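Spelled out, the chains give:
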Amino acid sequence: MSEPLLSLAELTAEEQQLVASAELAAQRAYCRYSKYAVGAALQASSGRIYSGCNVENASYGATLCAERAAVCALVAAGERRIHAVCVYARAEPMPMPCGVCRQVISEFCRDATVLVAGPRGVLRRSFKALLPDAFELSPDEDAP
Ligand code: THU
């Protein structure tokens, strides 16, 4: 990715808050196998921010990414709509939501700003650009 990175000063105040939340969450990552600490922060339709970190597992395959941990926190708080996403890692390479996380985020998001952040700066993307033509079903809106 050779695209120039944005500095924090170029972000909106809300975006800066999202990056700060993701950075804080990354400090709590349980990443003893990869040593790659990731934090994610989601802004819900209420304006509240929910965060998560990666939680690795000795089986490797049971590892949970930061983004999905944050989605679980948002849903457990009674929210259903994601407006903005930030994923932060201090180490290189910069993080990028994996395919599974993109699909899980898409369940709660029509489109969203996605910030990919690290100490060198921030990339801004639209969620639709990360997951065009997402698979979706149309269940009864009243279903839990
Ligand atoms: N990881 C995330 O939590 N989010 C990302 O966007 C990229 C990868 C985690 C999964 C695993 O714990 C570690 O980073 C290395 O892949």
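Refer to the structure presented above.
In this text the structure is predicted, and so the values were computed from the model without any measurement.

> Would you take a moment to explain the site of the ligand for this structure?
In the vicinity of the ligand, the contacting residues are Ser 34, Tyr 36, Val 38, Asn 54, Glu 56, Thr 63, Cys 65, Ala 66, Glu 67, Val 87, Met 96 and Pro 97. Within the side chain of Glu 67, a nitrogen or oxygen atom sits 2.6 Å from an oxygen atom of the ligand. For the ligand, whose free accessible area comes to 380 Å², the fraction covered by protein is 79%. When atoms are counted within 2 Å of each cavity's grid points, the one that captures over half of the ligand is the second largest pocket. Here the shell around the ligand is built from residues that sort into 7 nonpolar, 3 polar and 2 charged.

> Is there a simple way to explain the nonpolar core in this structure?
Soluble globular proteins tend to bury their nonpolar side chains together. Counting residues in each nonpolar core, the largest one holds 25 residues, and the members touching the most others are Leu 42, Ile 82, Ile 105 and Phe 127. Every element with two or more residues in this core is listed here: β1 (38–44), α2 (66–76), β3 (82–89), β4 (113–118) and α4 (127–130).

> Even after reading the chapter, I still don't get unusual backbone geometry, so can you show me in this structure?
Keep in mind that most residues, glycine aside, have a negative phi and that most peptide bonds are trans. Here Glu 92 and Pro 93 are connected by a cis peptide whose omega angle stands at -5°. Along the chain, Pro 93 falls in the loop between β3 and α3 (99–106). For Tyr 60, which is not glycine, the phi torsion reads 65° and is therefore positive. By secondary structure assignment, the location of Tyr 60 is in the loop between β2 (49–53) and α2.

> Any chance you could explain the pairing of β3 here in plain terms?
Taken residue by residue, a regular strand's side chains alternate between the two faces of the sheet. Within β3, 7 of the 8 residues are buried, which leaves it mostly tucked inside the rest of the structure. In terms of strand pairing, β1 meets β3 through 7 bridges, oriented antiparallel. When the bridges of β3 are listed, Val 38 appears paired with Ala 89. Across 5 bridges, β3 lies against β4 in parallel orientation. Bridge pairing in β4 places Tyr 88 opposite Ala 117. Each parallel crossover has a hand, and the one from β3 via α3 to β4 is right-handed.

> Is there a simple way to think about the layout of surface pockets in this case?
The gaps left among the atoms become clear once a water-sized probe is rolled over them. Estimates place the volume of the largest pocket at around 800 Å³. Along the walls of the largest pocket sit 22 residues, with Arg 81, Ser 106, Glu 107, Glu 136 and Leu 137 positioned nearest its centre. Looking at the lining of the largest pocket, the elements that each hand over two or more residues are α3 and α4. Looking at the lining of the largest pocket residue by residue, the class counts come to 10 nonpolar, 3 polar and 9 charged. Counted as a void, the second largest pocket has a volume near 160 Å³. Lining of the second largest pocket is provided by 13 residues; of these, Tyr 36, Val 38, Cys 65, Glu 67 and Met 96 occupy positions nearest its centre. The class makeup of the residues in the lining of the second largest pocket is 9 nonpolar, 2 polar and 2 charged.

Thresholds, definitions, all that
Residues numbered from 1 in each chain as written. Predicted model: local features only at pLDDT ≥ 70, side-chain atom pairs only at ≥ 80, totals over all residues. Heavy atoms only, no water. Near = heavy atom within 4 Å. Polar contact = N/O pair within 3.5 Å; in protein donor to acceptor, adjacent residues only side chain to side chain. Areas by Shrake-Rupley, 256 points an atom, 1.4 Å probe, with all protein chains shown as cover. 1 Å grid on protein atoms, 1.4 Å probe; cavity = no way out; pocket = protein on both sides within 12 Å on 5 of 7 lines; lining within 4 Å. Sits in = over half its atoms within 2 Å of the grid points. Nonpolar A, V, L, I, M, F, W, Y, C, P; charged D, E, K, R; others polar. Core = buried A, V, L, I, M, F, W, Y, C linked by side-chain atoms within 4.5 Å. Buried < 20%, exposed > 50% of the residue type's maximum accessible area, 1.4 Å probe, protein only. Helix = DSSP H or I, 4+ residues; strand = E, 2+ residues; numbered from the N terminus. Pairing = 2+ DSSP bridges. Right-handed = clockwise from strand over helix to strand, strands pointing away. Points joined across faces, edges and corners; volume = space filled by probe spheres on them.

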